[in-house]
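Here is how the chains run, residue by residue.
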Amino acid sequence: MAELIKTVDLKKYFKLSKTEYLHAVDGVNLSIEKGRTLGVVGESGCGKSTLGRTMIGLNNATSGEIWFEGEDLLKLSPSRRKAYRSKMQIIFQDPYSSLDPRMSVFQLIAEPLISNKVHKAKGELVDHVSYLMEKVGLDQRFINAYPHEMDGGRRQRVGIARALALNPEFIVCDEPVSALDVSIQAQIINLLMDMQEEMGLTYMFITHDLSVVRHMSDEIMVMYLGQCVEKAPAAELFRNPLHPYTKALLAAIPQPVIGEKMNKEIIRGEVSDPINPAPGCRFASRCKHCCPQCTQADVPLKKVENAHEVACVLYK
Ligand SMILES: Nc1ncnc2c1ncn2[C@@H]1O[C@H](COP(=O)(O)OP(=O)(O)OP(=O)(O)O)[C@@H](O)[C@H]1O
Ligand SMILES: [Mg+2]
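Residues numbered from 1 in each chain as written. Chains lettered and ligands numbered in written order. Predicted model: local features only at pLDDT ≥ 70, side-chain atom pairs only at ≥ 80, totals over all residues. Heavy atoms only, no water.

A. Highlighting the packing of helix α4 (residues 105-115) against helix α6 (residues 152-164). At their nearest, the axes of α4 and α6 sit 7 Å apart, and the two run at 25° to each other. As the angle between them shows, α4 and α6 are arranged roughly parallel. Remark: the crossing between α4 and α6 carries right-handed chirality. Between α4 and α6, the contacting residues are V105, L108, I109, E111 and P112 on the first element and V158, A161 and R162 on the second. (Axes fitted to C-alpha atoms, helices over the stretch in contact; angles between N-to-C directions. Helix = DSSP H or I, 4+ residues; strand = E, 2+ residues; numbered from the N terminus. Parallel < 35°, antiparallel > 145°, perpendicular 65-115°, else oblique. Left-handed = near helix turned anticlockwise from the far one by under 90°. Contact = heavy atoms within 4.5 Å.)

In structure tokens, the structure reads:
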């Protein structure tokens, strides 16, 4: 299948002072085929949201390339780049804080249509908003409701309708169900999967929840402190995790067995500092396999099997 989006050595550093840079995204190479889902996992602060935001242009990249439909977006003039903005959208974690509480459902869903001058006549706009509400399973009786009058699941449906309004091709789903309770999570996940099938959407699905990411993704990328440490097809990653960090992450999934004490491998030690990090594997200080080679130079991602790549000196 054809590739829709690709990043090459993408970096996003936040400048904290004259000499201090926080390496939020530090040399990420990824590619997602049209109609497929890349899951992105990793602990809080590892740069998942920054990666997604940089890819769709909400953050300015520090360096690297972002290829979309055969164009390197970072080389385009601002006006040409703008034309791609509507093709790339984001669904946020917390639908309550991402929606303006003073706007009604109609105003919220109409906003992207109005600001992109999609319709000339008011009637067309009303029809389009109703169509989008139907698409995301939101009853028409909510058209004049405000965010605080709806539950979390319905608020997230409004967020999804806004993301869909301009017929995007690529959507970054940034923890879209983390703030919802379990039964509503399943409804929203099913909605996202149905929409993908119907409209051929391509997703980058960011989450802490490994069971959700396994269910949603074709391929999974594991991030640690701004870098990708492992990438593999979803089933392969769960069957055969290679990087010590991925292993620890998967081992940490709780599997309740009544009467049995949790005997899990826990990741010990502190996450190292993302500000001006030293060369070498960022996980080295917490890794029980750490050897001198790990801290001498950066450890690149290497292909070990078909589509399975890992950045670790244990694999030659
Ligand atoms: N605007 C900013 N200015 C400075 N630092 C930032 C900014 N945005 C993010 N960061 C830092 O970049 C790093 C990555 O943050 P990011 O929000 O991308 O992580 P995340 O993996 O999405 O975390 P979470 O799972 O908690 O959402 C963090 O150290 C964060 O503090
Ligand atoms: Mg985040």
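B. Structural detail: the sheet that holds strand β2 (residues 21-33). Spatially, four strands are ordered β2-β1-β4-β5 in an open sheet, and the strand pairing comes out antiparallel. Each of the sheet's edge strands pairs with one partner strand only, and the pair in question is β2 and β5 (71-72). Both strand β1 (residues 3-15) and strand β4 (residues 63-68) contribute to a ladder of five bridges, which runs antiparallel. When the bridges of β4 are listed, I5 appears paired with F68. Most of the contacts of helix α1 (residues 48-55) go to β1, to which it runs at about 115°, and overall it touches β1, β2 and β4. (Pairing = 2+ DSSP bridges.)

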